[in-house]
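# Structure assessment
If you want the building blocks of each chain, they are given just below.
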Protein chains: 2
Amino acid sequence: MSGDFADIPFAAMPDRSASADTFVPLTELPEWERFAREARTCAPQSDALDLIEAPGLVLDSSGQRHSPALMAAGEALLRARDFEAQRARLLAGEVVNVTEDRAAWHTMLRAPDAPPRVLAERERMDAWVRRADAGRRWRHVVHVGIGGSDWGVRLAVSAFGYAGTWREVRFVANIDGHAIEGGLAGLDPRETLVVLVSKSFTTAEPLENGARAREWLAAAGLDPASHLAAITARPDRARAWGVPESQIFQLWDWVGGRFSLWSAVSLSTALAVGVDVLEGLRAGAAAMDAHFAQAPLAANAPVRMALAGVANRSVLGHGSLNIAPYDSRLANLVPYIQQLDMESLGKSVDVSGQPVGVPTGPAVWGMPGTDAQHTFFQWMHQGSDGAPVDFILCREADHHWPAHHRQLLANCLAQREALMRGKTLAQARAECVAENMDPERADWLAPHRVHPGGRPNHLIVLPRLSPYSLGALLALYEHRVFTQGVIWGIDPFDQWGVEYGKVLARGIIAELDPAAAATRDAPAPGHDASTRHWIHRLRG
Amino acid sequence: MSGDFADIPFAAMPDRSASADTFVPLTELPEWERFAREARTCAPQSDALDLIEAPGLVLDSSGQRHSPALMAAGEALLRARDFEAQRARLLAGEVVNVTEDRAAWHTMLRAPDAPPRVLAERERMDAWVRRADAGRRWRHVVHVGIGGSDWGVRLAVSAFGYAGTWREVRFVANIDGHAIEGGLAGLDPRETLVVLVSKSFTTAEPLENGARAREWLAAAGLDPASHLAAITARPDRARAWGVPESQIFQLWDWVGGRFSLWSAVSLSTALAVGVDVLEGLRAGAAAMDAHFAQAPLAANAPVRMALAGVANRSVLGHGSLNIAPYDSRLANLVPYIQQLDMESLGKSVDVSGQPVGVPTGPAVWGMPGTDAQHTFFQWMHQGSDGAPVDFILCREADHHWPAHHRQLLANCLAQREALMRGKTLAQARAECVAENMDPERADWLAPHRVHPGGRPNHLIVLPRLSPYSLGALLALYEHRVFTQGVIWGIDPFDQWGVEYGKVLARGIIAELDPAAAATRDAPAPGHDASTRHWIHRLRG
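Bear in mind the structure is a predicted one, so any value in this text is a computation, not a measurement.

### Remarks on the UniProt feature "active site" (unreviewed entry) in chain A
Residues given the UniProt feature "active site" (unreviewed entry) here are A:Glu343, A:His374 and A:Lys502. Of the residues just listed, which span 160 residues, the most distant C-alpha pair is 37.1 Å apart, and they do not cluster in one region. Residue placement: A:His374 occurs in the loop between strand S11 (363–366) and helix H15 (377–382). Those residues in contact with A:His374, other than ones at most four positions away along the chain, are B:Ile146, B:Gly147, B:Gly148, B:Thr203, B:Glu205, B:Gln339, B:Glu343 and B:Lys502. Locating A:Lys502 in the fold gives a position in helix H20 (residues 496–512). If near-sequence neighbours (up to four positions away) are discounted, A:Lys502 is found in contact with B:His374 and B:Gln415.

### Considerations on the packing of aromatic side chains
Enumeration over the complete set of coordinates arrives at 26 aromatic pairs over all chains. Here the aromatic rings of B:Trp32 and B:Phe35 are separated by 5.8 Å at their centres, their planes lie at 35°, and the arrangement is tilted. With B:Trp32 and B:Phe35 both in helix H2 (residues 30–41) and three residues apart, the pair spans about one turn of that helix. In this structure B:Trp32 comes out as buried when scored by relative accessible area, which is 4%. Judged by relative accessible area, B:Phe35 falls into the buried class, the value being 1%. Among the aromatic residues, ring-to-ring pairing joins A:Phe83, A:Phe259, A:Phe292, A:Phe482 and A:Phe493 into one connected group.

### As for the sheet that holds strand S11 (residues 363–366) of chain B
Residue and element names in this part refer to chain B. One open sheet accounts for six strands, arranged S1-S2-S13-S12-S10-S11; its pairing is mixed. Both outer strands of the open sheet, strand S1 (51–54) and S11, are each paired with one neighbouring strand and no more. The average angle at which neighbouring strand axes cross in this sheet is 20°, direction not considered. Sheet topology note: the S1/strand S2 (residues 57–60) ladder contains four bridges and is antiparallel. The residue bridging Ala-54 from the neighbouring strand is Leu-57, located in S2.

### A look at the sheet that holds strand S2 (residues 57–60) of chain A
Residues and elements named next belong to chain A. Reading across the sheet, the six strands line up as S1-S2-S13-S12-S10-S11 and stay open at both edges, with mixed pairing between neighbours. Only two strands of the sheet have a single partner each, and these edge strands are strand S1 (51–54) and S11. Shown here is a sheet whose adjacent strand axes are inclined to one another by a mean of 20°, direction ignored. Examined bridge by bridge, strand S12 (residues 389–394) and strand S13 (residues 457–462) share six bridges and lie parallel to one another. From the neighbouring strand, Ile-392 faces S13, where its bridge partner is Ile-460. Running at roughly 150° to S13, helix H19 (residues 467–488) makes contact with S2, strand S10 (320–325), S12 and S13 of the sheet.

### What about a positive patch on the surface?
Taken together, the side chains of A:Arg34, A:Arg37, A:Arg40 and A:Arg79 define a basic patch exposed on the protein surface. Considering each element in turn, the positive patch owes the most residues, three residues, to helix H2 (residues 30–41) of chain A.

### Here we look at the interface of chain B and chain A
Counting from both sides, the interface comprises 136 residues of chain B and, opposite them, 136 residues of chain A. Summed over both partners, the interface of chain B with chain A comes to about 11900 Å²; 59% of that surface belongs to carbon and sulfur atoms. Looking only at chain B, the three residues that lose the most surface to chain A are B:His178, B:His374 and B:Tyr500, adding up to 7% of its buried area. Along the contact surface separating chain B from chain A lie eight salt bridges. Put simply, A:Asp47 and B:Arg532 hold a salt bridge, and the shortest N to O gap is 3.8 Å. At the surface where chain B touches chain A, the tally comes to 70 residue pairs in polar contact (both at pLDDT 80 or more).

### Looking at unusual backbone geometry
All names here are of chain A. Following Gly-369, the chain continues to Thr-370 via a peptide bond in cis, the omega torsion being 15°. Mapping Thr-370 onto the fold places it in the loop between S11 and H15. With a phi angle near 50°, Arg-136 is a residue other than glycine that sits in the positive phi range. The residue Arg-136 is located in the loop between helix H6 (116–134) and strand S5 (140–144) in this model. Its identity as a non-glycine residue notwithstanding, Trp-138 has a phi of 65°, on the positive side. Mapped onto the fold, Trp-138 is located in the loop between H6 and S5. Owing to a relative accessible area of 4%, Trp-138 belongs among the buried residues under this scheme.

Cut-offs and rules
- Residues numbered from 1 in each chain as written.
- Chains lettered and ligands numbered in written order.
- Predicted model: local features only at pLDDT ≥ 70, side-chain atom pairs only at ≥ 80, totals over all residues.
- Heavy atoms only, no water.
- UniProt positions renumbered as here; feature names shortened; annotations may be inferred.
- Helix = DSSP H or I, 4+ residues; strand = E, 2+ residues; numbered from the N terminus.
- Contact = heavy atoms within 4.5 Å.
- Phe/Tyr/Trp six-rings, centres within 6.5 Å; stacked < 30°, edge-to-face > 60°.
- Buried < 20%, exposed > 50% of the residue type's maximum accessible area, 1.4 Å probe, protein only.
- Pairing = 2+ DSSP bridges.
- Axes fitted to C-alpha atoms, helices over the stretch in contact; angles between N-to-C directions.
- Patch = residues over 30% accessible without salt bridge, like charges linked within 9 Å, V, L, I, M, F, W, Y side chains within 5 Å.
- Areas by Shrake-Rupley, 256 points an atom, 1.4 Å probe, with all protein chains shown as cover.
- Salt bridge = Lys/Arg side-chain N within 4 Å of Asp/Glu carboxyl O.
- Lys, Arg positive; Asp, Glu negative; His and termini not counted.
- Charge placed at Lys NZ, Arg CZ, Asp CG, Glu CD.
- Buried area = accessible area lost by both parts, 1.4 Å probe.
- Polar contact = N/O pair within 3.5 Å; in protein donor to acceptor, adjacent residues only side chain to side chain.

Structure follows, in structure tokens:
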């Protein structure tokens, strides 16, 4: 941990090898056997309501397999995994990212009792934004990050700035030059602030895109430095790159990219929709943190979602999870959760280095309803296996057309009901007959109109889309993901799979360089025939 | 078929029940057994190049299982499915949508010898756009469609207008009132054209959103009629709704929503990026149609992709397909293919009404690289099962930073290579040791850095992102989907699963109405407990 944080009460380094030595693979636990058996034999949906009224939202698990026996088995499984101690370690800032020897203390960033250094940095950023607001500075903000440092800001800006903001915010993430070209096109450089986000200040995408923006500012006859801000854990590198000290904000070393929404990465959010939004997000997340820490397991929303997720994935075999926010403002919630979930749980080796033995994190995908209904719900209803769905809706809208909102809510409830209930062959045939079809055609067509039903879902209802409820929602997903990591016994905070491709890419970049073509006839050996072919053909 | 089309040489109605009678379920075909056996025993990737130079693009299947024996088995399977005759029926406009008794003749819309009525309607639309261009009319276009009538326009506009267009185009699809509120916010009504798309002119989303736009125009003191255009198969209804005759364009009855990019739905595309783009798209698609019709099966790009898709899904068990365009301009290609593929193949009953017997269409999802690398590629590399990937890239960029493009291409090739090749435990351990780790820690950490590899992929390379190459790419996917439908024996052109939820929604809309609350205490029976609960709680 950085010496800068002597005032933050990080726990002592745990003995990692000791915990690895005592780790029991999931499939050797009798509690796993019991949980899997109960999940398999439980009815797909019961007619019993299963609600949790959590801070900022209501979780309805009626659409998942649920029974007292399954819940008891889930609690026993969590005990066998020492879940409560693991949760305490997470919330106390101990080293939970064991393969990288780090804490994952994003909850600290939103804690009411955050340490003075965190509060002071937050205050410094807020004051900077308030000064910019008072001076009506920066009509355009170009946010240059990627992955975790990109999706959170996109999410908050589209959620609370969906009808436009006085500052126009553009997002540039991809190394593809068309991204930065399009991101800068048409902006007035004199009125543009470029916000660079890179924890290490070495990530190719933000640094290359940032360099193009710096050139663009200089070409307009401006001093780029005054138009640049940076969010990083390496302020020294940002200074060397040309960002003035007063416009560099700290990204703490103990906060992962996929939790960086809670850090100064939200500078662009504050510029677009106001610092009060950040405060609301933090308050909602902190309330969910407290719920996660304190609520009994059976009434603990993240825990219940995690148990349902493990049952769906590792017992019932569902390979993917669909996120269906019935709110057009939440389109970016899908990639946000996708990144959070898949980067965390896209691993198949447990902390002892052994294969987990059951399928782990699903593919996460989705789209706001009702668009999704006209895009892929056909597949959800009648495809070979469909997918579990997390439906998300807001009780109240922020527009003035009640009939639109009624239709939106009804569509959400109806799709959910259709996925649960299905439609039998007899019902389908009766429908055909009711449409005056002749019996032979009705017999032939009816099977095409059958819906198997029984598909699992959660329904999450927010009172309305406030910063508080969105903050609670994001923390719900974070803790759901953490809890699944504990059950599977994997480290949800590392990302070794992201590194390997970077190393290979560095080699291929050099081989694609025309200078390499001039000095060497063929690319370096070691590639397969197709990669060799394309390096040769794309060179130049 | 509409009497309007007496001049179009539609084939006579086939005897549907006769073809159903002779239909053999897939799993009863000895050719299926053979194909499945060859696919299972074939090596994941060979070091032999496997390229098809098709119109507008190159398809590299080296990353799929491929061998002469597997290809021969695939050809035999296609013969057993009477593929060549089915393909001929599709391209001749015969009834291939058997459950709805309709043709699916989108290829006709781009055929060089399209019938006079099609050409005349196209010319009428082009002339209308040219007049608007000449008069510098409509600074803002609000495109109001959903699903198939929305994604195609979004795709073309972001592909060719990525750095901005002189007309600003907004898209409003969702019934969520925030969508139309945000879509109209800040626009000048006097300069705004609202383009409504609905084939039946009864779809709730475009009609409700269109009504809000009409009110907005009227509230500005304008005559809404002159600001409205409509694309529909029911011009009578559009006229009755208030759209002037001269601004109504024909959506042919024999063109499905997911193929409507080829119709007058592209009016908004033409207004944004020019009618020449439409011409290029059609030329590329027509060239791919000819390739699909004529190329030998082993060198036929859509056919090869279909065989690989069936092997991955129905033999090797991959539940999803990832689309990874390494081009930020193609972000909307993902939902476009998602809709095309999942609405077409999200069915599990064959044309004889029996279960297909093997898993059919996968979940289709994705994101442009390199964003995807920072979002979910962790899961692709090290998750339990990953997903087959279609990598798509352009040899030449349209920006002026060769180093960016080199990095983009290198990242694509590197991710693909990593997914194919993997990294063994011995390699991972050697890496750890090379990083000066102590042997005990290296032993412990190495398993976390293993990549299994062997994951299937296609690589599709366009010379550059021209309308011609994009048109060819879209037709490639259309025909790949059609061919998979033929192999599985399903009707890829219907969408019964979309209808059921609509019916349920109508009932719940009425139950949510406060007027209903006033007259009835409880919602209609027949709902499950959770749906009942939420109807009660959300009412008002």
